[in-house]
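Below, each chain spelled out in residue letters.
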Amino acid sequence: MSESYKSRVLNRSQSASNWAEADRPLVILVDDEASLREALQELMHSVGIDTISFASTGELLEAELPDRPGCLVADVRMPGLSGLDLQYRLAESGEAKPIIFLTAHGDIPMSVQAMKAGAVDFLTKPVRDQTLLDAIAAGIELDIQRRAHARILKEYLSKFALLTPRERQVLREVAAGRLNKQIAFYLGISDITVKLHRCNVMRKMQLTSVGELVRVWEMLPAEVRKTVEAAPLQTH
C-alpha cells in the first residue's frame, strides 16, 4: 500500500471537512470490553477516522449502519455470536466488509479460518498502534475498491438490461472471439443483421472497443451470463 494513501486515510484530522459524508471512511468496532472500545475510538479519532462501536455481534447485526466505506475491527471471542460468526453472517448476507480480528485468545487454526474467509489481518492483543492503523488502512482501501467495483457493475447491469435477447446472444459470441460470419451461422441470421446487433450492443452499453466489451462480459456475474447461454436461439 502506498504511503500517500496512508497519509490520506490516516492523517485527515485537518481535512476531514473536505470529504462528503457518504465518502468518509468509517471504522466499526466490535468488542465486549468497554475500555478497549474507548481506547480504539480515541486512537481512530486521533488520526481523523470516524468510528462507531458495538459491545456484541448481535448488537451490530441489529443496527442500521451508514452506507460508507470502511472496515470492521472485531474481537474473536465474545458473549453470544463470535467474531467469526459475524464474518460468516455478513458474507452470507452479501454485506461483507473487510474485517480485522483483534483478540487475546487466538490460535493458529482460528487465524487460518479467519484469513481463508477473507480477513484482512488477525492481530493479538496488545497490538502496536501503528500495526493496527496499517491494517485498518488496508481494510479501508479494499472496501473503497470493492464499492467502486460494485458501482461499475451496477451500471453495466442496468445497461445490459436494455439489450434484447438477440443482442445479448451477439454480445456473448463477440466476447467469445467469434467473427461476424461465425456468429451469423451459429444464430441463423445474416452477417448484416449481426453487424446491426453489434452496433446496438456497443451503443446501449456505451462501449468503444471490443476489448471493453470483453471486459464487461467477464465482469458480469456468472448467473447473468448463464441466462444468456441458456437462452433459446431466435429465428428472426
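Check the entry above for the structure.
Rules and cut-offs
- Think of each chain on its own: its residues are numbered from 1, step by step along the sequence as written.
- Local features in a predicted model are, by the rule used here, given only for residues with pLDDT of at least 70; side-chain atom pairs are given and counted only at 80 or more, and totals for whole chains, interfaces and linings are based on all residues.
- Excluded from the side-chain calculations are hydrogens and water; all other atoms, namely the structure's heavy atoms, are used.
- Note on pairing: two strands pair once DSSP finds at least 2 bridges between them.
- Secondary structure elements follow DSSP: runs of H or I of four or more residues count as helices, runs of E of two or more count as strands, with numbering from the N terminus.
- Each axis is a line fitted through C-alpha atoms, and for a helix only the stretch in contact is used; angles between axes span 0 to 180 degrees, taken between their N-to-C directions.
- Whether a residue is buried, partly exposed or exposed follows from its accessible area with a 1.4 Å probe, protein chains only, as a fraction of its type maximum: under 20%, in between, or over 50%, in that order.
- Pairs of residues are marked as contacts when any of their non-hydrogen atoms sit within 4.5 Å.
- Nine residue types can take part in a nonpolar core, namely buried Ala, Val, Leu, Ile, Met, Phe, Trp, Tyr and Cys, and a core is a set of them joined through side-chain atoms within 4.5 Å.

### Some thoughts on the sheet that holds strand β4 (residues 99–103)
Then step 1. With respect to topology, 5 strands assemble into an open sheet ordered β2-β1-β3-β4-β5, the strand pairing being parallel. Here the strands that pair on one side only, and so sit at the sheet edges, are β2 (50–54) and β5 (121–124). Neighbour-to-neighbour, the strand axes of the sheet open up by a mean angle of 20°, direction not taken into account.
Then step 2. Note: strand β1 (residues 26–30) against strand β3 (residues 70–74), 5 bridges, orientation parallel.

### A look at the side chain of histidine 197
Then step 1. Along the chain, histidine 197 falls in helix α9 (residues 191–205).
Then step 2. Accessibility expressed as a relative area gives 15% for histidine 197, which makes it buried.
Then step 3. The contact partners of histidine 197, leaving out residues within four places of it in the chain, are Arg166, Glu167, Val170 and Ile189.

### A word on the nonpolar core
Then step 1. The biggest cluster of nonpolar side chains holds 23 residues, and the ones touching the most others in it are Phe160, Leu171, Met205, Leu213 and Leu220.
Then step 2. Of all the secondary structure elements, the ones that give two or more residues to this core are α6 (129–160), α7 (165–175), α8 (180–187), α9, α10 (210–219) and α11 (222–229).
Then step 3. Non-local contacts of phenylalanine 160, meaning those with residues more than four positions away in its chain, are made with Arg168, Leu171, Met205, Leu220, Val224 and Val228.
Then step 4. Core analysis: the second largest hydrophobic core is formed by 19 residues, Leu40, Leu123, Ile136 and Ile140 among them.

On their own, these measurements won't tell you what the molecule is for.
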